[in-house]
Amino acid sequence: AIKIINDKPYQLSRDIYGIGFFSADKIALSMGIDKDSPKRIRAAISHVLAASRDQGHCYLELELIQSEIEKLLKQENKALVETEIVSMEQSNEIKTRIRKDNKAGVKCYYSKTLYYDELQTAEIVKKFLAKKINIDVSRVDKWLKLYNEKSKLPLSQEQNDAISGIIQQPFSILTGGPGCGKTTTLKVLVRLLKAMNKKITLAAPTGRAAQRMTEV
């Protein structure tokens, strides 16, 4: 253990739960690791890519990685960051893909776990999209019309169109800002699916969201 910590102090943050980059960095600097050490820069790159998920990112572009590391280490190391990120890509420590913007390609840098999560999600969506959905659209429209006539809170045209669109597709994303009517739309969608004798499974990413979904 002593040999590993002497050679690779930043491995502490990868191998031991509860020791993050900041604790490992403090230990490494106290052991005499140079502030511009490639080991330190590589650990900082890994930390920035992993932490980016907390802001909702799957990947970061080079310029953003450089500016985040500048804030993290309180020093400018743009050239060194670029050198080390190329080395990390070559040694398969991080993953990349090219995003096409117009005709130019933009390189996207991922922590490995997020890269494979994204790939797996894409494969799952692809499987959904390959399925054929046979729906009697006229019956759906009739059901929605009857619901709106009987309901004290009829659907808006946008909500109505969303449900009609979702029911005809193997995979859909229902999205919108707070208070725009997603919950009401979901509620009516579930009623419609039940009327069609479909099996329904509901899931939520947090306990609070699951509780809210159970309530409605």
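Residues numbered from 1 in each chain as written. Predicted model: local features only at pLDDT ≥ 70, side-chain atom pairs only at ≥ 80, totals over all residues. Heavy atoms only, no water.

S.K.: In this structure, what is going on with the overall build of the protein chain? I would like to understand it.
M.R.: The helix and strand tally for the protein chain stands at 11 helices and 2 strands. In the protein chain, the order of α-helices and β-strands from amino to carboxyl end is α-α-α-α-α-α-β-β-α-α-α-α-α. Against the compact-globule benchmark of 17 Å for 216 residues, the protein chain has a radius of gyration of 25 Å, which places it well outside the compact range. C-alpha extents for the protein chain along the principal axes are approximately 75 × 40 × 30 Å. Buried positions account for 28% of the 216 residues belonging to the protein chain. (Helix = DSSP H or I, 4+ residues; strand = E, 2+ residues; numbered from the N terminus. Rg over C-alpha atoms; globule rule 2.2 N^0.38 Å. Buried < 20%, exposed > 50% of the residue type's maximum accessible area, 1.4 Å probe, protein only.)

S.K.: I would appreciate a short explanation of unusual backbone geometry in the present structure.
M.R.: In most cases, non-glycine residues show a negative phi, while peptide bonds are predominantly trans. Positive phi is not limited to glycine here, since Asn92 has a value of about 65°. Residue placement: Asn92 occurs in the loop between α6 (78–90) and β1 (94–101). Asn92 sits in the partly exposed class, given a relative accessible area of 35%. You will see that Asn197, though not glycine, has its phi angle at about 60°, which is positive. Since its relative accessible area comes to 71%, Asn197 is described here as exposed.

S.K.: Can you help me understand helix α9 (residues 157–166) in this one?
M.R.: In an α-helix, one turn spans 3.6 residues, which is why side chains three or four residues apart end up on the same side. All of the buried residues in α9 are Gln159, Asn160, Ile163, Ser164 and Ile166. Of the surrounding secondary structure, the elements contacted by the buried residues of α9 are α8 (137–150) and α10 (182–195). (Contact = heavy atoms within 4.5 Å.)

S.K.: Looking at this structure, I do not really get the nonpolar core. What am I missing?
M.R.: Side chains of a nonpolar character, in soluble globular proteins, are inclined to be buried together. Ile45, Ile65 and Ile69 are the most contacted members of the largest nonpolar core, which has 23 residues in total. At the level of secondary structure, the elements contributing two or more residues to this core comprise α3 (21–30), α4 (38–51), α5 (62–73) and α6. It is α4 that contributes the most residues to this core, 6 residues altogether. Ignoring sequence-local partners within four residues, the contact set of Ile45 consists of Ile69, Val81, Glu84, Ile85 and Met88. (Core = buried A, V, L, I, M, F, W, Y, C linked by side-chain atoms within 4.5 Å.)

S.K.: So what exactly am I meant to see when it comes to the side chain of Ser111 here?
M.R.: Relative to the helices and strands, Ser111 resides in strand β2 (residues 104–111). What makes Ser111 buried here is its relative accessible area of 11%.

S.K.: For this particular structure, what's the right way to read the state of the cysteines?
M.R.: Think of a disulfide as a covalent bridge from one cysteine sulfur atom to another cysteine sulfur atom. In this structure the tally under the stated criterion is 0 disulfides. Summary of cysteine pairing: Cys58 is not part of a disulfide, and the nearest cysteine sulfur, belonging to Cys108, is at 10 Å. Under the relative-accessibility criterion, Cys58 is labelled partly exposed at 31%. (Disulfide = S-S within 2.5 Å.)

S.K.: Even after reading the chapter, I still don't get the packing of aromatic side chains, so can you show me in this structure?
M.R.: Each aromatic ring pair is specified by the distance between its two centres and by the angle formed by the two planes. Taken as a whole, this structure holds 7 aromatic pairs when the rule is applied. Geometrically, the ring pair formed by Tyr10 and Phe21 is stacked, given 5.9 Å between the ring centres and 15° between the ring planes. Taken as a pair, Tyr10 in the loop between α1 (2–7) and α2 (11–15) and Phe21 in helix α3 lie far apart in primary sequence, 11 residues in all. Overall, Tyr10 belongs to the buried group, its relative accessible area being 4%. By relative accessible area, Phe21 is classed as buried at 5%. With a centroid separation of 5.9 Å and 40° between ring planes, the pair formed by Phe128 and Phe171 is classed as tilted. Within this pair, whereas Phe128 is found in helix α7 (residues 112–129), its partner Phe171 is found in the loop between α9 and α10, the two being separated by 43 residues in sequence. Classification of Phe128 by relative accessible area gives partly exposed; the value is 33%. What links up through ring pairs into an aromatic cluster is the set Tyr59, Tyr110, Tyr115 and Tyr116. (Phe/Tyr/Trp six-rings, centres within 6.5 Å; stacked < 30°, edge-to-face > 60°.)

Purely geometric numbers; function is a separate question.
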